Amino acid sequence: MTEDPINKQIKQSLDAQADSIDRQTQVKLNELRHAAIKHPQTNQFNRFQWSLVGIAATTVMVISLMLILPKQQTDHIDDSFMFEDLELLANEADTDFYQDIDFLSWLDENQWLESDI
Amino acid sequence: MDIALNINFNQSYHREGLDKQAAEMTTQSLNNQLDAFLRTQQNQAYTIALMSVRQESDAMDVIQETMMSFVNAYKHKPQNNWKPLFYRILQNKINDHHRKQKSWLRHFFSSKDSEALTAQHASQQPSPLSVIKTQETGHEMIALIKKLPEKQQQVVLYRHWQQMTVEETASIMQISAGSVKTHLFRATKKLKQALGNPDD
């Protein structure tokens, strides 16, 4: 099977185009080739890696703070309630006072009524 | 006992040295093969990139990124796969370049600046003078290929010039084999018509 003449023409034209690259461009292409083989990893890639590490570290810090801070606040509230209960239980007189407070207020109101009568 | 330990230590030290030397030789040999491969492809890859991105500096950037990515990711692949892989990376980088250009243009030129946008696109097209110059220097075919729609141009470059199979071309362009054949048929027809021999 013979090759289509137009295919041959395309190939020859493009080969000629590639071969006619000027000296300056050729030197630059050679430099790029050497750089790619000797130092394949670019600094840009390293910077990208570091930025990912930075983002990950910040995310972990924010999540940790979000988890720890509310817990500390609720602990503090619970402790304060606990101390108030202990104070009330420790002082018996005070508990009697709190238990009779309704009666005393009723008595007070009635005394006032009697005196009015 | 001491002598035996000493001999063992010397043997293992010697073996480690040989392993290291062998690894260095393998790396050196691989680098030589990579260098030889890239040297044979660099001009053709640059020509393909330049045809697509139009600007010399952009074509250089595309080639640099392609070489870096190829060496980083595919140097340990079998050598007979290097060429299709290299051109697939090249095509991806060219597509990335076009995407960046589009988003950049969209960012800076609103719909009010459509004239400026048109001017920007026009500046990326080869000037009529350069087309005439190309034709005058006997590269009429190159001028015609440059005028083809993007996909048809790529099919001609990879299938006819780089002699890739239909499947390899499809893989590089990330389209189906059927689409490759269709684009190729249309491109060849247009080129034949332009050259004045549509019946060939």
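Starting afresh in each chain, residues are numbered from 1 along the sequence in its written order. Chains carry letters and ligands carry numbers; both start at the beginning, A for chains and 1 for ligands, and go up in the order they are written. Thresholds applied to this predicted model are a pLDDT of at least 70 for local features of residues and 80 or more for the giving and counting of side-chain atom pairs; totals over whole chains, interfaces and linings are not thresholded and use all residues. Side-chain metrics rest on all non-hydrogen atoms present in the structure, leaving aside hydrogens and water.

- Under the annotation held in an unreviewed UniProt entry, chain B carries the name RNA polymerase sigma-70 factor (ECF subfamily) and is attributed to Marinicella litoralis.
- In UniProt, chain B has this text filed under Sequence similarities (unreviewed entry): "Belongs to the sigma-70 factor family. ECF subfamily." UniProt positions are given in the numbering used here, feature names are shortened, and annotations may be inferred rather than shown by experiment.

- Looking at an unreviewed UniProt entry, one finds chain A named DUF3619 family protein, with Marinicella litoralis as its source organism.

### Comments concerning the packing of aromatic side chains
All names here are of chain B.
Inference 1: The criterion for an aromatic pair is that two Phe, Tyr or Trp rings (for Trp, the six-membered ring) have centres within 6.5 Å, with stacked assigned to planes under 30 degrees apart, edge-to-face to planes over 60 apart and tilted to the rest. For the structure on display, the rule yields 7 aromatic pairs over all chains.
Inference 2: Measuring from centroid to centroid gives 5.7 Å for Phe-37 and Phe-86, while their planes differ by 90°, and the two rings are edge-to-face. Residue Phe-37 is located in helix α1 (residues 2-53), and its partner Phe-86 is located in helix α3 (residues 82-108); the two are separated by 49 residues in the primary sequence. As far as the burial class goes, Phe-37 and Phe-86 line up, both buried. Only DSSP runs of H or I covering at least 4 residues are called helices, and only runs of E covering at least 2 are called strands; the numbering of each starts at the N terminus. Classification of residues uses two cut-offs on accessible area relative to the type maximum, computed with a 1.4 Å probe and protein chains only: under 20% is buried, over 50% is exposed, and between them is partly exposed.

### Points about unusual backbone geometry
Residues and elements named next belong to chain B.
Inference 1: Located in the positive-phi region is Gln-163, a residue other than glycine, with phi close to 55°.
Inference 2: Within the secondary structure, Gln-163 is located in the loop between α7 (150-161) and α8 (166-173).
Inference 3: Here Gln-163 falls in the partly exposed class, since its relative accessible area comes to 47%.
Inference 4: Here Gln-174, not a glycine, exhibits a phi torsion of approximately 55°, which is positive.
Inference 5: With respect to the helices and strands, Gln-174 occurs in the loop between α8 and α9 (177-195).

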